[in-house]
Amino acid sequence: MPRYRPHVAARPSWRCRVCGAAWPCSPARLALLGEYRENRTGLLIYLATLLDEAAGDLPESERLTDRFLAWARAR
């Protein structure tokens, strides 16, 4: 039986350690939405903190707000 491996960011590239996609990848987003199911504000604060860290590692040309925050806002 395969063991679950969490989709976490590899720094400083901010790519997923499991699938290699730009983090947060789809599996990471689903896991974060589940973890913060009752606390969307907490999720956005957590992601904003990570966005700030990623901004120091990634080129300014990347759309970090879309990548880190836009998908998580309340619908």
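What you are looking at is a predicted structure, and each value in this text was computed from that prediction instead of being measured.

(A) Just the pattern of salt bridges, in detail. Within this structure, the stated rule accounts for two salt bridges. Here Arg11 and Glu53 are joined by a salt bridge, their closest N and O atoms 2.7 Å apart. Of this pair, Arg11 sits in the loop between β1 (9–10) and β2 (15–16) while Glu53 sits in helix α2 (residues 40–55), placing them 42 residues apart in sequence. Residue Asp66 is joined to Arg63 by a salt bridge in which the shortest nitrogen-to-oxygen separation is 2.4 Å.

(B) Just the confidence of the model for the protein, in detail. Chain-level pLDDT for the protein is 92 on average; 95% of the residues reach the 70-or-more range. When pLDDT is averaged over each helix and strand of the protein, the minimum, 93, is found for helix α3 (residues 64–68) and the maximum, 98, for β2.

(C) Fine view of the packing of aromatic side chains. Within the structure shown, the criterion is met by four aromatic pairs. On the basis of an interplanar angle of 70° and a centroid distance of 5.7 Å, the ring pair of Trp14 and Phe68 is categorised as edge-to-face. Of this pair, Trp14 sits in the loop between β1 and β2 while Phe68 sits in helix α3, and the two are 54 residues apart along the sequence. Across this residue pair, the class does not change: Trp14 and Phe68 are buried.

(D) Main features of the side chain of His7. Its place among the elements puts His7 in the segment before β1. Under the relative-accessibility criterion, His7 is labelled buried at 15%. Those residues in contact with His7 that sit more than four places away from it in its chain are Cys16, Val18, Cys19, Trp23, Cys25, Pro27 and Ala28.

Conventions we followed
- Residues numbered from 1 in each chain as written.
- Predicted model: local features only at pLDDT ≥ 70, side-chain atom pairs only at ≥ 80, totals over all residues.
- Heavy atoms only, no water.
- Salt bridge = Lys/Arg side-chain N within 4 Å of Asp/Glu carboxyl O.
- Helix = DSSP H or I, 4+ residues; strand = E, 2+ residues; numbered from the N terminus.
- pLDDT = per-residue confidence, 0-100.
- Phe/Tyr/Trp six-rings, centres within 6.5 Å; stacked < 30°, edge-to-face > 60°.
- Buried < 20%, exposed > 50% of the residue type's maximum accessible area, 1.4 Å probe, protein only.
- Contact = heavy atoms within 4.5 Å.

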